[in-house]
Amino acid sequence: MRYFLDTEFNGFCGDLISIALVPEDDGHAPFYAAIACQDPTPWVAEHIIPVLDVEPVTHSRLADQFADYLGDDPDPVLVADWPEDIALAARLLVIGPGLMKPVRNIHFDLVDAELVSSGEGSAVPHNAYHDALRLRADVLAYEKRIAT
């Protein structure tokens, strides 16, 4: 199944703060979780932290939850519109030197945000869950347009 991915992170190439996966199929629950950000940049403190809307967990707990969420899908595809989202999601699967969570056959799809964007913003900008919902809506609308 495809999951639309968004993350929030602490500054340019910074540490993960929150991650969301919104499944293409409305019948499946989304995934949304956050990690406490100990030293947020001023922009992050103003724009991201206030809209997290979820209690932060430890990094290892988030990694467990993320892997468990994807664990039953034999061929997950994570769709993102920014490379760092993919990098942060992939890093969650790494648990030690030569070790990773048991999520196999995972695929990543980087879409051109300018191509698929409706131009509308997320309902809650800089909230990974709402941004992933917007990405799903934009990609599905784009695919519908090009199919007709």
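Residues numbered from 1 in each chain as written. Predicted model: local features only at pLDDT ≥ 70, side-chain atom pairs only at ≥ 80, totals over all residues. Heavy atoms only, no water.

1. Observations concerning the sheet that holds strand 1 (residues 2-9)
So, step 1. Reading across from one edge, 3-2-1-4-7 is the order of the 5 strands in this open sheet, with mixed pairing throughout. Looking along the sheet, the strands with just one partner apiece sit at the ends: strand 3 (31-34) and strand 7 (107-110). On average, each strand axis in the sheet is inclined to that of its neighbour by 25°, with strand direction left out of account.
So, step 2. Relative to strand 2 (residues 16-23), strand 1 runs antiparallel, the two sharing 7 bridges. In the strand pairing of strand 2, Thr 7 is matched with Ile 19.
So, step 3. Lying over the sheet, helix 2 (residues 59-71) contacts strand 1, strand 2, strand 3 and strand 4 (77-80), oriented at roughly 10° with respect to strand 2.
So, step 4. Packed onto the sheet, helix 3 (residues 83-92) meets strand 1, strand 2, strand 4 and strand 7 and runs at close to 95° relative to strand 1. (Pairing = 2+ DSSP bridges. Helix = DSSP H or I, 4+ residues; strand = E, 2+ residues; numbered from the N terminus. Axes fitted to C-alpha atoms, helices over the stretch in contact; angles between N-to-C directions. Contact = heavy atoms within 4.5 Å.)

2. What about the side chain of Arg 2?
So, step 1. On the secondary structure map, Arg 2 appears in strand 1.
So, step 2. Side-chain polar atoms of Arg 2 contact the side chain of Glu 143, separated by 2.6 Å.
So, step 3. Other than its neighbours up to four places away in sequence, Arg 2 contacts Val 22, Pro 23, Glu 24, Val 77, Val 79, Val 139, Leu 140 and Glu 143. (Polar contact = N/O pair within 3.5 Å; in protein donor to acceptor, adjacent residues only side chain to side chain.)

3. Comments concerning helix 2
So, step 1. Here helix 2 contains 13 residues, and its C-alpha end-to-end distance of 18 Å stays within 8% of the 18 Å for a straight helix at 1.5 Å per residue.
So, step 2. For helix 2, every residue scored as buried is listed here: Leu 62, Ala 63, Phe 66, Ala 67 and Leu 70. Seen along its axis, helix 2 keeps its buried residues to an arc of 130°; they face one direction. Exposed residues on helix 2 whose side chains face more than 90 degrees from its buried face are Ser 60 and Asp 68. (Expected span 1.5 Å × (residues − 1). Buried < 20%, exposed > 50% of the residue type's maximum accessible area, 1.4 Å probe, protein only. Arc of directions from axis to C-beta.)

4. A look at the pattern of salt bridges
For side chains bearing opposite charge, pairing can occur when the charged atoms are close.
So, step 1. Within this structure, the stated rule accounts for 7 salt bridges.
So, step 2. Residue Arg 2 pairs with Glu 143 through a salt bridge whose shortest N-O separation is 2.6 Å. Residue Arg 2 is located in strand 1, and its partner Glu 143 is located in helix 5 (residues 128-147); the two are separated by 141 residues in the primary sequence.
So, step 3. Accessibility expressed as a relative area gives 18% for Arg 2, which makes it buried.
So, step 4. Glu 143 sits in the partly exposed class, given a relative accessible area of 28%.
So, step 5. Between Arg 91 and Glu 84 there is a salt bridge, and its shortest N-O distance comes to 3.7 Å. (Salt bridge = Lys/Arg side-chain N within 4 Å of Asp/Glu carboxyl O.)

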